[in-house]
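Geometric and topological summary
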Amino acid sequence: FRDFCRAEGESFSLQTPRPQHWYTVRIGRSGFSLSLTASTMYNRLGCELYLRGPSAKQAFRLLNEQKAEIEASLGCIDWRELPEGQDCRIVDTLGDFDPRSRSDWERGFRWLRKRADEFRAVFGPRVRALSLDDEPE
């Protein structure tokens, strides 16, 4: 994926890949990131805004207040508050995609790249503008 993005022209900073099922992309604020995922168990790819830390629930609620406007840009996405934990996720997936099938990687890479660009454009400014209770003024 990293090589694909570099060949296409980088639109976001690419970190060194690691042997895990997710790839993190910075979004411009601590405690928030994009995670690009590949699941061989469920045969799908994912692009998600990951909210972590003590302010995650508050940030999730504030972003959820903008849900209609966000989904007007991104389409229907899955809002996962994860009430049992501290973190939250806002997710889109590409189903019917087998990450083990190299012949389909280009289609998957194109989808991941497009969704990462879209998520950064829609969520980046919103995330940076959030006023959260536990942050210094």
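The coordinates are above.
Below is a summary of the structure that appears in this document. Keep in mind that this is a model prediction, so the values were computed, not measured.

About the cut-offs
Along each chain, numbering runs from 1 in the same order as the chain's sequence is written. With the structure being a predicted model, the display of local features is reserved for residues of pLDDT at least 70 and the display and counting of side-chain atom pairs for 80 or more, all residues being used for whole-chain, interface and lining totals. The side-chain values count all of the structure's non-hydrogen atoms but skip hydrogen atoms and water molecules. Relative accessibility thresholds used throughout: buried, under 20% of the residue-type maximum; exposed, over 50%; partly exposed, between the two (1.4 Å probe, protein chains only). The way it works is that DSSP assigns letters per residue, a run of H or I at least four long becomes a helix, a run of E at least two long becomes a strand, and they are numbered from the N terminus. By the convention used here, strands pair only if DSSP detects at least 2 bridges between them. We define the nonpolar core as a collection of buried residues of types Ala, Val, Leu, Ile, Met, Phe, Trp, Tyr and Cys that are connected through side-chain atoms lying within 4.5 Å of one another. Only the stretch in contact is used when fitting a helix axis, every axis being a line fitted to C-alpha atoms; angles between N-to-C directions are given from 0 to 180 degrees. For classification purposes, an angle smaller than 35 degrees is called roughly parallel, one larger than 145 roughly antiparallel, one from 65 to 115 roughly perpendicular, and anything else oblique. If you view the pair so one helix is near and one far, a crossing is left-handed when the near helix is turned anticlockwise from the far one by less than a right angle, and right-handed when it is turned clockwise. Contacts were defined at the residue level, with two residues in contact if any of their heavy atoms lie within 4.5 Å. Disulfides are defined as cysteine sulfur pairs within 2.5 Å.

Attention now moves to the pairing of strand S3 (residues 44–51). Summarising burial for S3: seven of the eight residues are buried, a large majority. Alignment of strand S2 (residues 32–39) against S3, held across eight bridges, turns out to be antiparallel. When the sheet's bridge partners are listed, Ala38 is paired in S3 with Leu45. Hairpin connection between S2 and S3: a loop of four residues separates the two successive antiparallel strands, and Asn43 in this loop has a positive phi of roughly 50 degrees. Here seven bridges tie S3 to strand S5 (residues 88–94), and the two strands are oriented antiparallel to one another. Within the sheet, the bridge partner assigned to Cys47 lies in S5 and is Asp92.

Our next topic: the nonpolar core. Among the nonpolar cores identified, the biggest contains 36 residues, and Leu49, Leu51, Leu63, Ile90 and Phe123 are the most heavily contacted of them. With eight residues, helix H4 (residues 105–129) is the single largest residue contributor to this core.

It is worth spelling out the packing of helix H3 (residues 67–74) against H4 at this point. At a closest axis distance of 10 Å, the pairing of H3 and H4 adopts a crossing angle of 155 degrees. When the interaxial angle is binned, H3 and H4 end up roughly antiparallel. Handedness of the crossing formed by H3 with H4: right-handed. The segment H3 lies against H4, with Glu69, Ile70, Ser73 and Leu74 engaging Arg115, Glu118, Phe119, Val122, Phe123 and Arg126.

In this section: the state of the cysteines. Following the criterion strictly, the structure yields zero disulfides and no others. Here Cys76 is not cross-linked by a disulfide; its sulfur's nearest cysteine counterpart is in Cys47, at 15 Å. Here Cys88 stays unpaired: no disulfide links it, and the sulfur of Cys47, its closest cysteine neighbor, is 17 Å away. A residue is classified by how much of its surface remains accessible, and Cys88, at 0% relative accessible area, is buried.

So yeah, pure geometry; function would need other evidence.
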